[in-house]
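Structure assessment
The lines below spell out each chain.
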Amino acid sequence: MKLSSHLTRLSLALLKQTADTPTRMISPLSLAEALAMLAEGASGESLRQLEELLGITRPTLRRSLSTLRTAFAQASAEQLLQANSLWTDEQGFTPAPTYCKRLADRYAAEVRALPLAAPDAALRINGWVQEATGGMIPRLMNEDMLRGLRLLLINALCFEAEWARAFMSHTCPAPFTRADGTAVTADFMHSKCEHLFLSHEGAQGFVKPYADGYFSFAAILPPKGVSAEDYLAALDGDSLHRILSTPAECPSLHVKMPAFRTDYGITLNDALKALGLTRIFSPAEAELDRMGRADGRLCVDAVLQKTHIEVNTAGTRAAAATAVTVMTTSLLPPEEYRELVFDRPFLYAILHTGTGTPIFMGIMADPTEE
């Protein structure tokens, strides 16, 4: 099975896992690049789970991503640009030279060392992300996110392309009905020259190429009376891949679609754990020692992604940035590891440190109450 079908399946699974946010956009390619770099430093069960999530072995993934990067580099007018980077803390972590070389050689990753606890660390990292995404994602990290980290892996994507055949230059206001039945007014684009039609069990859509044909935009409208979430839930990755990759010729297709622009950000930890990627997040079990020597056991703290998209009559601008942040925990024997989850009522207090005198004490029974 090709990488494209694996990424289609992964993006569909992640969209299903993030159904609590109605408007959302995932970049499976950006995530795959970041996780592939993580996989280069993983072993054992951690590596097996990464390969299972991505549906492909590490060597095959490495080759497939390299082939894609070469193909993208040949795209006209540099429509899609990618950048990878590894940021390591100058204290508490010594990266393995072989790991750094693998990322530089196989992923064209920039390797940078800096004190991640420094006040300007987030500014420097965000500056790299902003440049790599053409200014569309100006901020990925903040100082709090960097606190305690030993390294982070970042992939950034920047896509910008005009339509091969543009929509009509003017838009018209029209109602757009939301999932709860309420309506809003949106600016709709119009096109009478589409030729690639999608159809699947009552759902209909279209494929619209960008200039030079290297990339295309696809949209699917669920069957009448079926919500987008219900339609999504009933789809599987293989079916979606077949739908998107086999459009039918249509002599003349009139499309009306709202122009839109949206930003989306998510921490993917819970979604990835639900899909079986648990080991890398475990302080007691993660096997990431191929990355280098640290002052504790390495484990993934967070997998973050931010995306941006603008779709208008002229074309599309989109960007994604994915960060995998890695921290250390103290090296305790496995039997000494403990995890506390405050998911039921609990007692709390504010104490004077020197004497242990309680200044405040209480019971938290419902954190949603104000």
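Residues numbered from 1 in each chain as written. Predicted model: local features only at pLDDT ≥ 70, side-chain atom pairs only at ≥ 80, totals over all residues. Heavy atoms only, no water.

With twelve of 15 residues buried, strand β13 (residues 315-329) is to be regarded as a mostly interior element. Pairing of strand β4 (residues 149-162) with β13, which is carried by 13 bridges, proceeds in the antiparallel orientation. Residue pairing in the sheet places A156 in a bridge with A321 of β13. Pairing analysis gives 14 bridges linking strand β12 (residues 297-311) to β13, with the strands arranged antiparallel. Bridge assignment links C299 to a residue of β13, and that residue is M327. Between β12 and β13, which pair antiparallel one after the other, the connecting turn spans three residues. (Buried < 20%, exposed > 50% of the residue type's maximum accessible area, 1.4 Å probe, protein only. Helix = DSSP H or I, 4+ residues; strand = E, 2+ residues; numbered from the N terminus. Pairing = 2+ DSSP bridges.)

In this section: the nonpolar core. Ranked by internal contacts, the top residues of the largest apolar core, which has 69 residues, are L38 and M291. Broken down by element, this core gets its largest block of residues, nine residues, from helix α2 (residues 28-39). Not counting chain neighbours up to four residues away, the residues in contact with M291 comprise L38, G41, F93, P95, A96, Y99, L151, L153, L298 and V326. (Core = buried A, V, L, I, M, F, W, Y, C linked by side-chain atoms within 4.5 Å. Contact = heavy atoms within 4.5 Å.)

Here we take up the packing of aromatic side chains. By the definition in use, this model includes eight aromatic pairs. Considering the side-chain rings of W87 and W128, the 6.4 Å spacing of their centres and the 85° angle between planes classify their relative orientation as edge-to-face. Placement of the pair is W87 in strand β1 (residues 80-89) and W128 in helix α6 (residues 121-132), with a sequence separation of 41 residues. We note that W87, like W128, is buried. (Phe/Tyr/Trp six-rings, centres within 6.5 Å; stacked < 30°, edge-to-face > 60°.)

Here the focus is the packing of α2 against helix α4 (residues 58-73). What describes two packed helices is the angle between their axes and the distance between those same axes. Running from N to C, α2 and α4 cross one another at 135°; their axes reach a closest spacing of 11 Å. What the angle tells us is that α2 and α4 run oblique. Between α2 and α4 lies a crossing of left-handed hand. Residues L29, A32, E33, A36 and A39 of α2 form the contact with α4, whose participating residues are R58, L61, L65, L68, R69 and F72. Among the residues forming the contact of α2 with α4, the class breakdown is eight nonpolar, no polar and three charged. (Axes fitted to C-alpha atoms, helices over the stretch in contact; angles between N-to-C directions. Parallel < 35°, antiparallel > 145°, perpendicular 65-115°, else oblique. Left-handed = near helix turned anticlockwise from the far one by under 90°. Nonpolar A, V, L, I, M, F, W, Y, C, P; charged D, E, K, R; others polar.)

Look at A108: it is not a glycine, yet its phi comes out positive at around 50°. On the basis of relative accessibility, which here comes to 59%, the residue A108 falls in the exposed class. Its identity as a non-glycine residue notwithstanding, D212 has a phi of 75°, on the positive side. Tracing the backbone through its elements, the reader meets D212 in the loop between β7 (203-209) and β8 (216-221). Classification of D212 by relative accessible area gives exposed; the value is 52%.

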